[in-house]
Amino acid sequence: MKNIFVKIGKFIKNNIVFCLVILGLVLLTVIRLPYDVEMPGGTIDLGNRVKVNGESVSIKGSFNMAYVSVVQGSIPHIIAGLIIPDWEVVPQSETMYENETVEDSNKRDKLLLEQSKDYAIVTAMQAAGIEFEIENKVNYVAYISMEANTDIKIGDNILKCNGEDVIDLNYFREIVNASEVGEVLNFVVVRDGKEVNATAKVYEEDGSKYVGLSVLTTFDINSDTNVEIDSKSSESGPSGGMMMALMVYNAITKQDLTNGMKVVGTGTIELDGKVGEIGGVKYKLMGAVKNKADVFLVPEENYEEAIKVKEEKKYDIDIVKVGTLQDAIDYLENK
C-alpha cells in the first residue's frame, strides 16, 4: 500500500502541470454558479401522452408542447452562453423568488404541472360539452412570502385551519379575512405523508389581510369520460396547459384538428379557458422551427415577441395568437 502512495506522489510531482490542468477542468465542470443558461428547446408530442378511457387517439398530424432547454450555470456553460448568440445567461434570482431555494422552486413547478393537467382536462370537457364533477380537492402551498411568519413549508397540503376543513382557496381566504391582524392561525397540514401541526400569523398590507401563503389546488375529475395525461419526472411548470387542453379536446371529440400538420404551441390554461402568458417564447419558437413545426400557437401577450423573432430569423411558419382555448379550436377547425 505504501508503494502505491509513493508511486502516486512521484507521478503528481513529475506531472504537476498536467494534474493541475485536469483538476482545473474538473472544478470548472463541477462548480455551479447562481445562473441558468437558456437556449432553443424542442417539442414534446402529446399523441401518446393523452388517453381517453384508457386508449390513445390516432391522428395524422400531431399536437406538441414547446419547451426551453435550460442548464444550470457551470462555468463552461456560462462562457458559452455569453458567446453563442441564441443562448442567454439568466440569474436564478430572475426565475426564483427571493426567499426560496432551488428545491422550493422545483416543488412549485411540479405542483403547477399537476394543476395544469387538471385544468386542461376540465377546460377541454367544457368546450366539448362533456359532463363532469370536480371532487377531492387538495390545496398545496406553492409559495411563502418574505412577510410570512409561519412554519408551513412549500408543498404542504393544507387540511385544516383553526379546526375548519379547508375546502378550497376561496374558503381559505374567507378564514383569513375573518381573522384579526396579529392573530395566529393553527393549521393541520400533510407533509411527507404525515399530518403535522403548523401556525401562521395574520398581517395587513394595503388594507388587506394575509398570512403570506400562496395556495394552488389540484383535484379529481369524475366523469364517464376518463382522461389521463402522462408526464415525465423531468417535466414541470404550467406552460404546456393550452396544448394539453387542445389534445384532450381533440381526443374526446374524436376529431383530427391537425389536418396532418405538426401543431406546436405554448401557454398556460385557466379553468375558464383563458390562455396565459409564458416565458422564453423566442427559444420555444426556435425549437418549434428546428423540429419542423407547421403552426406555432402563442398567447396574446407573447405574440409580438414571437413575430419579431420570426421576422428577424426569416422563419417560414404560421404564428397564431390565441387568447382562449376556443380561439385555438376555431383556428384549427377553419384551417
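Predicted model only: the values in this text are computed from it and were never measured.

Engineer: Which residues make up the pattern of salt bridges, and what values go with them?
Structural biologist: With the rule as written, the count across this model stands at nine salt bridges. For Lys117, the salt bridge is made with Glu114, and the minimal N-O distance between the two is 3.3 Å. Within this pair, Lys117 and its partner Glu114 are both found in helix H4 (residues 102-128), separated by three residues, close to a single helical turn. For Lys117, a relative accessible area of 10% gives the class buried.

Engineer: Report on the packing of H4 against helix H6 (residues 241-252), specifying residues and quantitative values.
Structural biologist: Between H4 and H6, the least distance of the axes is 8 Å, while the angle of their chain directions is 40°. Viewed along their axes, H4 and H6 adopt a mutual orientation that is oblique. Once H4 is placed against H6, the crossing between them reads as right-handed. Contact with H4, carried on its side by Leu113, Ser116, Lys117, Ala120, Ile121, Thr123, Ala124, Met125, Ala127 and Ala128, involves Gly241, Met244, Ala245, Val248, Tyr249 and Ile252 of H6 and no other residues of that element. Class assignment for the residues of the contact of H4 with H6 results in twelve nonpolar, three polar and one charged.

Engineer: Outline unusual backbone geometry, supporting the account with residue identities and numerical values.
Structural biologist: One non-glycine residue, Asp192, lies in the positive phi region at around 55°. Among the structural elements, Asp192 can be located in the loop between strand S8 (184-191) and strand S9 (194-201). If you check the backbone angles, Asp206 has positive phi at about 55° while not being a glycine. Inspection of the secondary structure puts Asp206 in the loop between strand S10 (203-205) and strand S11 (208-210). Taking relative accessible area as the criterion, Asp206 reaches 76% and is therefore assigned exposed.

Engineer: Account for the packing of aromatic side chains, naming residues and giving values.
Structural biologist: Going through the model one piece at a time under the given rule, you end up with three aromatic pairs. Here Tyr119 and Phe219 contribute two aromatic rings whose centre-to-centre distance is 6.2 Å and whose plane-to-plane angle is 20°, an arrangement assigned as stacked. In this pair, Tyr119 sits in helix H4 while Phe219 sits in strand S12 (residues 213-222), placing the two residues 100 residues apart along the sequence. This pair shows no difference in class: Tyr119 is buried, exactly as Phe219 is. Here Tyr203 and Tyr210 contribute two aromatic rings whose centre-to-centre distance is 6.0 Å and whose plane-to-plane angle is 35°, an arrangement assigned as tilted. Tyr210 sits in the partly exposed class, given a relative accessible area of 36%. Stacked on the ring of Tyr303, the Lys or Arg Lys321 has its end atom at 5.1 Å from the ring centre.

About the thresholds
- Residues numbered from 1 in each chain as written.
- Predicted model: local features only at pLDDT ≥ 70, side-chain atom pairs only at ≥ 80, totals over all residues.
- Heavy atoms only, no water.
- Salt bridge = Lys/Arg side-chain N within 4 Å of Asp/Glu carboxyl O.
- Helix = DSSP H or I, 4+ residues; strand = E, 2+ residues; numbered from the N terminus.
- Buried < 20%, exposed > 50% of the residue type's maximum accessible area, 1.4 Å probe, protein only.
- Axes fitted to C-alpha atoms, helices over the stretch in contact; angles between N-to-C directions.
- Parallel < 35°, antiparallel > 145°, perpendicular 65-115°, else oblique.
- Left-handed = near helix turned anticlockwise from the far one by under 90°.
- Contact = heavy atoms within 4.5 Å.
- Nonpolar A, V, L, I, M, F, W, Y, C, P; charged D, E, K, R; others polar.
- Phe/Tyr/Trp six-rings, centres within 6.5 Å; stacked < 30°, edge-to-face > 60°.
- Lys NZ or Arg CZ within 6 Å of the ring centre and 35° of its normal.

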